[in-house]
Each structure stands twice: as C-alpha cells, then as structure tokens.
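Listed here are the chains, written in short residue letters.
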Amino acid sequence: MYASFSKLMAYDYYLYDLKRSPLLSNYATIIAILVPSTELLVAGLLLSDKTSKGGLLGSLALMILFTLYVSYVLFFTSSRPCTCGGIIRNLTWPQHLLFNLFFLILSILGIYLQTRFQHSTYIFTGEAENL
C-alpha cells in the first residue's frame with residue numbers, strides 16, 4: 001500500500017518518469033493508473049481469509065512483472081528513470097533487482113505456505129490434551 005500511495009501522492013512525478021521509460025512510455029498514462037490501483041486491490045485481497053489466495057497470486061503476478069521490467073531496464077537499456085514510489089526510489093538498479101527477487105521469493109513462499117496450510121487438516125475437539 002505504501003508504494004501505491006506514494007505513486008498516487010506524487011502522480012505527476014510518477015507519470016513523468018513513466019513517460020521517460022524506455023519500455024513503458026507509450027502506455028504511461030494507463031500504467032500510471034493501473035499499477036497503483038492494482039497494488040491497492042491486491043493489498044485489499046490480502047486482508048481477508050476468503051480472498052487472500054487471490055491477493056497472494058496477484059502479488060506474485062505484480063512481482064514477476066516488476067522484476068521482468070527491472071531486469072530489462074538493468075540489462076538492456078542505458079536510460080533508467082526510476083518509476084518507483086517512496087524510499088524504493090533511492091535504490092540503485094542492481095539493488096532494486098535484488099529487492100524484487102527477494103519479494104518474488106517471498107510471494108512464492110506465501111502461496112506455498114497458504115496452500116500447505118489449507119490442505120492440512122486440524123481437528124479441534126475442545127478438550128485440552130496432555131493435561
């Protein structure tokens with residue numbers, strides 16, 4: 001939510017950076033609306049047990065897209081305007097890639113753990129055991 005709000009609070013700055021992006025410039029306006037909106041939607045999905053799986057999958061999808069974009073910019077372009085919000089903007093591009101990879105792995109781990117937890121069967125009898 002932090003990244004979404006910082007993008008929305010500095011919308012003109014965020015849009016300006018997107019327009020300078022080597023890959024995203026043609027789609028800057030729609031991306032400037034779609035990305036923070038999607039980030040907020042995913043964050044909202046994570047708040048409920050019923051929708052958390054969708055939130056985790058959405059988070060994974062966003063992290064895959066963000067990581068692919070950062071990789072493309074880092075390895076294939078010389079022009080590298082940062083379109084991130086908040087303190088993430090202060091990272092170097094290699095640091096940004098490591099940051100994204102960390103959270104990509106964390107998203108995968110979250111999905112794995114939630115799936116494992118949902119498939120576990122817990123039986124609660126209401127009686128204290130081993131007292």
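Notes on the structure follow. Quick caveat, the model's predicted, so the values are computed rather than measured.

## A word on the packing of aromatic side chains
Under the defined criterion, the tally for this structure stands at three aromatic pairs. Pairing Tyr 72 with Phe 76 gives two aromatic rings, centres 5.8 Å apart and planes at 35°, and the pair type is tilted. Of the two residues, Tyr 72 and Phe 76 both sit in helix 4 (residues 52–76), four residues apart, roughly one turn of that helix. What makes Tyr 72 partly exposed here is its relative accessible area of 30%. Overall, the relative accessible area of 64% leaves Phe 76 in the exposed class.

## Notes on the environment of Cys 84
Mapping Cys 84 onto the fold places it in the loop between helix 4 and helix 5 (93–119). On the basis of relative accessibility, which here comes to 18%, the residue Cys 84 falls in the buried class. In this structure the C-alpha to C-alpha distance between Cys 84 and Ser 4, which are 80 residues apart in sequence, comes to 9.3 Å. Residue contacts for Cys 84: discarding those within four places in its chain leaves Arg 89 and His 96.

## Focus on the nonpolar core
With 17 residues, the main nonpolar core has Tyr 14, Leu 18, Leu 24, Ile 31, Ala 32, Tyr 69 and Trp 93 as its most contacted residues. Secondary-structure elements contributing two or more residues to this core are helix 2 (11–20), helix 3 (28–45), helix 4 and helix 5. In terms of nonpolar packing, the next biggest core, distinct from the first, is built from five residues, Leu 60, Met 63, Leu 104 and Ile 111 among them.

## Re the environment of Ile 108
Relative to the elements of secondary structure, Ile 108 occurs in helix 5. For Ile 108, a relative accessible area of 47% translates into the label partly exposed. Considering only alpha carbons, one finds Ile 108 and Leu 57, 51 residues apart in sequence, at a separation of 8.6 Å.

Definitions and limits used
Residues numbered from 1 in each chain as written. Predicted model: local features only at pLDDT ≥ 70, side-chain atom pairs only at ≥ 80, totals over all residues. Heavy atoms only, no water. Phe/Tyr/Trp six-rings, centres within 6.5 Å; stacked < 30°, edge-to-face > 60°. Helix = DSSP H or I, 4+ residues; strand = E, 2+ residues; numbered from the N terminus. Buried < 20%, exposed > 50% of the residue type's maximum accessible area, 1.4 Å probe, protein only. Contact = heavy atoms within 4.5 Å. Core = buried A, V, L, I, M, F, W, Y, C linked by side-chain atoms within 4.5 Å.

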